[in-house]
Amino acid sequence: MTADDRNATLGWGDQYGGVPDWRRAMYIQLRRGLIASDQVAATIFAVEMAELVEQTTGHAVSVWGSVYGMPLGTISWTSQVAGFADAAAQSQKLAENPEWLTRVSKAGEQGLFIPGSWEDGLARVIHAAGDAGPMMYASTTMGTPAPGMAMQALEWGTQMADHVASATGNQVTLCTSNYGTATGSMIFFMGFDNAESVDATQETLMSDSTYMEAMGKTAELFLPDGQRTLTQRLN
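Residues numbered from 1 in each chain as written. Predicted model: local features only at pLDDT ≥ 70, side-chain atom pairs only at ≥ 80, totals over all residues. Heavy atoms only, no water.

### A closer look at the packing of helix α2 (residues 39-57) against helix α4 (residues 98-110)
Here is step 1 of the chain: Here α2 crosses α4 at 165°, and the two axes come no closer than 11 Å. One finds that α2 runs roughly antiparallel with respect to α4. Here α2 and α4 pass one another in a crossing that is left-handed. Contacts from Phe45, Glu48, Met49, Leu52 and Val53 in α2 reach Glu99, Trp100, Arg103, Val104 and Ala107 in α4. (Axes fitted to C-alpha atoms, helices over the stretch in contact; angles between N-to-C directions. Helix = DSSP H or I, 4+ residues; strand = E, 2+ residues; numbered from the N terminus. Parallel < 35°, antiparallel > 145°, perpendicular 65-115°, else oblique. Left-handed = near helix turned anticlockwise from the far one by under 90°. Contact = heavy atoms within 4.5 Å.)

Below, the structure written as structure tokens:
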């Protein structure tokens, strides 16, 4: 499968190796780990492994490096999947690829990542708004609905995603976390085409009365455990 074929199949553009269009995904799969010491070698490994996954499974993979809100040196891989069965089928293909096994073993011998830092996640796409565009940065905002407020929080989140996408021009995707410590949490993914767009989005939203009024409702809709991260695309 060529890069153009992959992008056409997945709805990705041709910039930066393909642009995630999460409107077409049913789930977003995540794997992340924390670099132990050699950041250059670990980053090269992360990008090359993403390429190998694409060649082996036919699924495009984005690689992200931490900027804010998580331990520095955190590397994340994301991909679109139809569900757990699709993810399991990909894992089986990788397990049957000797090159994959060799690279994983070599990375372990080199101590590129901290043992025990690996974490996998699967988030279901609930709603997506805005047009897909080049993503060089992505923010992830996570919150847990308060007891008895799950449906109200989802309704609020859907409306918020639409408004933020309209006000900023960014693609905003609302998901729910299926597994891990964040199970049941709501997750907002937002993409930015450059660093300037990150600043511009903040300025736009802080001066948006509709946005600020909607944010005032979060105290009753969510537990006080919200978290936001910013990552930079590496491939």
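Having put the structure on the table, let's press on.
### Re α4
Here is step 1 of the chain: End to end, α4 covers 18 Å across 13 residues, agreeing with the expected 18 Å (1.5 Å per residue, within 8%).
Here is step 2 of the chain: Capping of α4 at its N-terminal end is provided by Asn97; its side-chain oxygen lies 2.9 Å from the backbone amide nitrogen of Glu99. (Expected span 1.5 Å × (residues − 1). Polar contact = N/O pair within 3.5 Å; in protein donor to acceptor, adjacent residues only side chain to side chain.)

### Notes on the side chain of Thr229
Here is step 1 of the chain: Topologically, Thr229 is positioned in strand β8 (residues 227-233).
Here is step 2 of the chain: Apart from residues lying up to four places away in sequence, Thr229 is in contact with Tyr68, Gly69, Met70, Ala138, Ser139 and Thr140.

### A word on the pattern of salt bridges
Here is step 1 of the chain: Counted by the stated rule, this structure contains three salt bridges.
Here is step 2 of the chain: One salt bridge connects Arg31 with Asp120, and the closest N-O pair in it is separated by 2.7 Å. Highlighted residues: Arg31 in strand β1 (residues 27-34) and Asp120 in strand β4 (residues 119-129), separated in sequence by 89 residues.
Here is step 3 of the chain: The exposure class of Arg31 is partly exposed, given its relative accessible area of 37%.
Here is step 4 of the chain: Note on Asp120: relative accessible area 44%, which makes it partly exposed.
Here is step 5 of the chain: In this structure, Arg103 engages Glu99 in a salt bridge whose closest nitrogen and oxygen atoms are separated by 2.8 Å. Taken together, the positions of Arg103 and Glu99, both in helix α4 and four residues apart, correspond to about one turn of that helix.
Here is step 6 of the chain: For Arg103, a relative accessible area of 25% translates into the label partly exposed.
Here is step 7 of the chain: Judged by its relative accessible area of 37%, Glu99 falls in the partly exposed class. (Salt bridge = Lys/Arg side-chain N within 4 Å of Asp/Glu carboxyl O. Buried < 20%, exposed > 50% of the residue type's maximum accessible area, 1.4 Å probe, protein only.)

### A few points about the packing of α2 against helix α3 (residues 84-95)
Here is step 1 of the chain: Running from N to C, α2 and α3 cross one another at 105°; their axes reach a closest spacing of 10 Å. It follows from the interaxial angle that α2 and α3 lie roughly perpendicular. Note on element contacts: α3 touches α2 through Gln90, Lys93 and Leu94, opposite Val53, Thr56 and Thr57.
Here is step 2 of the chain: Residue classes in the contact of α2 with α3 are distributed as two nonpolar, three polar and one charged. (Nonpolar A, V, L, I, M, F, W, Y, C, P; charged D, E, K, R; others polar.)

### Quick look at the environment of Leu122
Here is step 1 of the chain: Secondary-structure assignment places Leu122 in strand β4.
Here is step 2 of the chain: Put simply, Leu122 and Val81 are 41 residues apart on the chain and 9.2 Å apart in space, counted from C-alpha to C-alpha.
Here is step 3 of the chain: Residues within four places of Leu122 in sequence aside, it is in contact with Tyr27, Ile28, Gln29, Val81, Phe84, Thr176, Ser177, Asn178 and Tyr179.

### Some details on the packing of aromatic side chains
Here is step 1 of the chain: Counting across every chain of the model gives six aromatic pairs.
Here is step 2 of the chain: Taken together, a centroid distance of 6.2 Å and an interplanar angle of 90° make the contact between Trp156 and Phe188 edge-to-face. Placement of the pair is Trp156 in helix α5 (residues 150-168) and Phe188 in strand β7 (residues 186-192), with a sequence separation of 32 residues.
Here is step 3 of the chain: Owing to a relative accessible area of 15%, Phe188 belongs among the buried residues under this scheme.
Here is step 4 of the chain: Among the aromatic residues, those joined into a ring-pair cluster are Phe45, Trp77, Phe113 and Trp118. (Phe/Tyr/Trp six-rings, centres within 6.5 Å; stacked < 30°, edge-to-face > 60°.)

### A word on the pairing of β8
On any regular strand, side chains alternate: one points to one face of the sheet, the next to the other face.
Here is step 1 of the chain: Of the strand pairs in this sheet, strand β2 (residues 61-68) and β8 are connected by four bridges, and their pairing is antiparallel. Paired with Tyr68 across the bridge in β8 is Leu230.
Here is step 2 of the chain: Relative to β8, strand β5 (residues 137-143) runs antiparallel, the two sharing six bridges. Within β8, the position partnered with Met142 by the bridge is Gln227. (Pairing = 2+ DSSP bridges.)

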